[in-house]
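Architecture at a glance
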Amino acid sequence: MNRHPQDPPLLRAVAIAIALGFLGLVVIVPLVSVFAQAFSKGVGPWWAAVSHPDTLAAVRMTLIAALGSVPLNTAFGISAAWLVTKHRFPGRRLLLSLIDLPFSVSPVISGLVFILLFGAQGWFGPWLQEHDLKIVFAWPGMILATAFVTFPFVARELIPLMEEMGTRDEEAAVMLGAGGWDTFRRVTLPGIRWGLLYGVILCNARAMGEFGAVSVVSGHIRGETNTLPLHAEILYNEYDFTGAFAVASLLTLLAAATVVAKLQLERKLSR
Amino acid sequence: MKRTLPGFRFTLFITVGWLVLLVGIPLAGLFLRAASLPLRELVGILLDERTLSAFRVSFGTAAMAAAINAIFGPVVAWTLVRYRIPGHRILDALIDIPFALPTAVAGITLTTLYAETGWIGSLLAPLGVRVSYTQLGIVVALVFVGLPFVVRTVQPVLEDFPAETEEAAALLGASRWQTLFRVVLPALLPAITTGALLSFARCVGEYGSVVFIAGNMPNETEILPLLIITRLEQYQYTEATAIAAVMLLVSFALLLLGNRFQARLAGKVSR
Amino acid sequence: MSISIRDLDKHFGSFHALKNASLEIADGELVALLGPSGSGKTTLLRSIAGLEAPDSGQILFRGADATESRPQDRAVGFVFQHYALFRHMTVFENIAFGLRVRPKKTRPPEEEIRATVTELLKLVQLEWIADRHPDQLSGGQRQRVALARALAPKPGFLLLDEPFGALDTKVRKELRRWLRQLHDELGMTSLFVTHDQEEALELADKVVVMMDGRVEQVGTPEDVYDNPVSASVYQFLGDVNLFHGRVAEGSFLHQPHAPDESTQATAFARPHELEVDRYLISDQSVPAVLLHSYALGPKVRLELRRTDGGGLVEAEITRDRHRELSLVAGDAVWITPKHLRIFGPDVGGSI
């Protein structure tokens, strides 16, 4: 029941008009136009673009980047959340800020740092060349850059959740004789599973959609080191708009699925 | 100190280890590299005309976009929270789209929309307004990117805003407009500021959404991340590093500021 | 009559909150709206303030119909349970608010506003915190600021919604006393809602007992406590013991399992109205065994179980009497009610 005093109808109408107008212009119209552009020449060309070998290679690369980075960051996120919420120690606040760091770093810089480490002129550059190992301009570099960018996502999702849940349940388990793993598995995990799932989904969406960082690290070698976003860029720059938007539509569907997942999980989380 | 809950050493090792490996070392590499430059050279790079205008472009457009979001964001939040218009659940979910959508998709979509032949661009052309390849275009893209930050910071404050405060103002004789401007808006100001700050921090380093629509003309519409990439491509690692280091310092400062604001905000709301 | 409420009716969805409630409040009275939750007391208060619109009925302030007027125009001072202070303003600005939002024509000059606020701060004994913000104050201080703020625009009367509900016991007691003094000083008609009967009985000139959306009884505190008009009022206003039995020829017979329904009645007695002895005293005495006793200040509370199947009884006796009887748990005793009240359609009053 909305018990707040009523606003004058004029204010209501104007506020709704502004809000809808703004949202429409900024979010809805762009969303619609992705699909309009993708299907502007019909389903055939769309499908042709989507099933093109280069696109499929890009899909493979995107999956590799995601599979390489998401599980690691998930494990890290769980570990960090446990450390920070179930224990108190000097430097805890600092650690929390450090975890948030990649969140505030420009994606391009996230890629740059790895070039500086593993590029030809990088610290390890000569050593890598000697051993004929490629990190940048190859899939390991993509994974690293993606991992860097998506580093905080799972942790950021779990930490407030676990902070709120407190330590009482785990203390009870320990007093009943449970060990670390058991306590986590049987006591903590059931409570955080929806938050964890959401964190993973978000991490994955960001991993698959990352552009700036992988752009720097990839070298744009078509068919080999392109993820879906990079592939879309290439097609766009070649004026293959239908192709570019076809790829974009796939990514938009991924974003839409992420948002829908959030809606569902939010319902579960608020219970 | 004997800890009640297990797993401290283990999670400390994993957390700090992964943090150092993935984030610490790469960032340290960057800073060390920048620090190894003689001061004069560093200053020279930074005061270069092209670099300076890239700073101006990036920070200026980010500030403008944050300001726009600071004005429209609260209106959107207010409409969603106070007026349960039909479809408000979907609209609420849409606010997360800029957060979940890959930046490259946003980039090519907005460019196509605002090009002179695009849906919106064609409407603006007769008015003499050009969006693509101008700083206005950058602002448009950044408004999209920064939208969720202000709305999502203001929403919870609005949701928790006690009806009694507004009732008290009415009973003391204030008209609805007076209540809104003297009582509600000032109470929202901290949230709006925090959201605008977070939006600003995110937009300064934004790459994918901007690089398509900007036109990337040096000294005019070239953003800092792009300048860094350009320098990289020209193997001018030193220049790229210097610029990146300064950007990072600013980002960290903004991150700290934003966190402190958020903490204070959380403290206020919970009381 | 200062405030006149006539046949006020209000539904919240399917919940019938006020059922044709009527009430008259005289000038200068300090009136308590007392009742359990769901009794409609807060709805009634909020309706008077204009925060709820009744489905039907009338509200008159000094004879003028105020039923349709907005809260802004009713010139009512309102104090909320959780203070509702404006967090981003100082104490001074909070109190000045009602004066500063007046339209230019009726707005007093700034010096006058400052004088009024300072005066009010003195009245509530908080001059020294004028520049603080609400979150720097204690609960009791906040409530006093809320009161000052409500009084600043010189309202016609004062409404308070469980004003001390959010405070701890000691502060509550202090503020209660202080509110009474303030009322005596200002002489403003005031109406406050509470579910705490002790508070209502201690403070008010007149108590309005509400039950289930209706005004059950209106009277002085003594009136309402000693001569409750119904069983529910009686039970709400203090601890009570039930005695089931029959009424025959004007007297009450204890029959815990009375088979004859037609003359069945329930009698009530307060713990301090029961005499406890080791021996039968009259035909009203019932046998019981002592389960437990505990000291309650100057009195002793006894928890007893009737051995004639009548259930549990709570009695209150003086410490001296307790010493006299030297009771131990398990002792057999006789309980004799000194005073029994019976409520019902054909039997009223006490025996």
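Residues numbered from 1 in each chain as written. Chains lettered and ligands numbered in written order. Predicted model: local features only at pLDDT ≥ 70, side-chain atom pairs only at ≥ 80, totals over all residues.

Here two pairs of chains make contact, and the pair sharing the most contacts is chains A and B. The least C-alpha distance between chain A and chain C, which are not in contact, is 8 Å. (Contact = placed C-beta atoms within 7 Å.)

A few words now on the interface of chain B and chain A. It is common to report an interface's size as the accessible area lost on association of the parts. Contacts between the two partners involve 73 residues from chain B, matched on the other side by 75 residues from chain A. Considering every element that reaches the side of chain B that touches chain A, the biggest residue donor is helix H1 (residues 8–35) of chain B, with 14 residues. Across the side of chain B that touches chain A, the residue classes tally to 52 nonpolar, 14 polar and seven charged. (Helix = DSSP H or I, 4+ residues; strand = E, 2+ residues; numbered from the N terminus. Nonpolar A, V, L, I, M, F, W, Y, C, P; charged D, E, K, R; others polar.)

Before going further, it helps to examine the interface of chain B and chain C. On the side of chain C, 18 residues touch chain B, which itself brings 16 residues to the contact. Taken together, the elements giving at least two residues each to the side of chain B that touches chain C come down to helix H9 (163–171) and helix H10 (176–204) of chain B. Looking at which element gives the most residues to the side of chain B that touches chain C, the answer is H9(B), with six residues. Residues belonging to the side of chain B that touches chain C are distributed by class as follows: nine nonpolar, four polar and three charged.

Let us look at the domain arrangement of chain C. Under the domain assignment used here, chain C contains domain 1 (3–236) and domain 2 (241–342). In this structure, domain 1 of chain C and domain 2 of chain C have C-alpha centres spaced 41 Å apart. (Domains from an automatic or database assignment.)

Phi angles above zero are rare outside glycine, and B:Asn216 is one such case at about 55°. Residues other than glycine seldom take positive phi values, yet C:Ser326 does so here, at roughly 40°. Topologically, C:Ser326 is positioned in the loop between helix H9 (319–325) and strand S18 (332–337). With 8 C-beta atoms counted inside 10 Å, the residue C:Ser326 sits in the exposed group. (Buried ≥ 20, exposed ≤ 12 C-beta atoms within 10 Å, placed from the backbone.)

This brings us to the confidence of the model for chain B. The share of residues in chain B with pLDDT of 70 or more is 97%, and the mean pLDDT across the chain is 89. Per-element confidence in chain B is highest for helix H3 (residues 49–82) of chain B, whose mean pLDDT is 94, and lowest for helix H13 (residues 237–270) of chain B, whose mean pLDDT is 81. (pLDDT = per-residue confidence, 0-100.)

Our next topic: the confidence of the model for chain C. When pLDDT is averaged along chain C, the result is 89, and 95% of the positions lie at 70 or above. In the predicted assembly, ipTM is 0.85 and pTM is 0.83.

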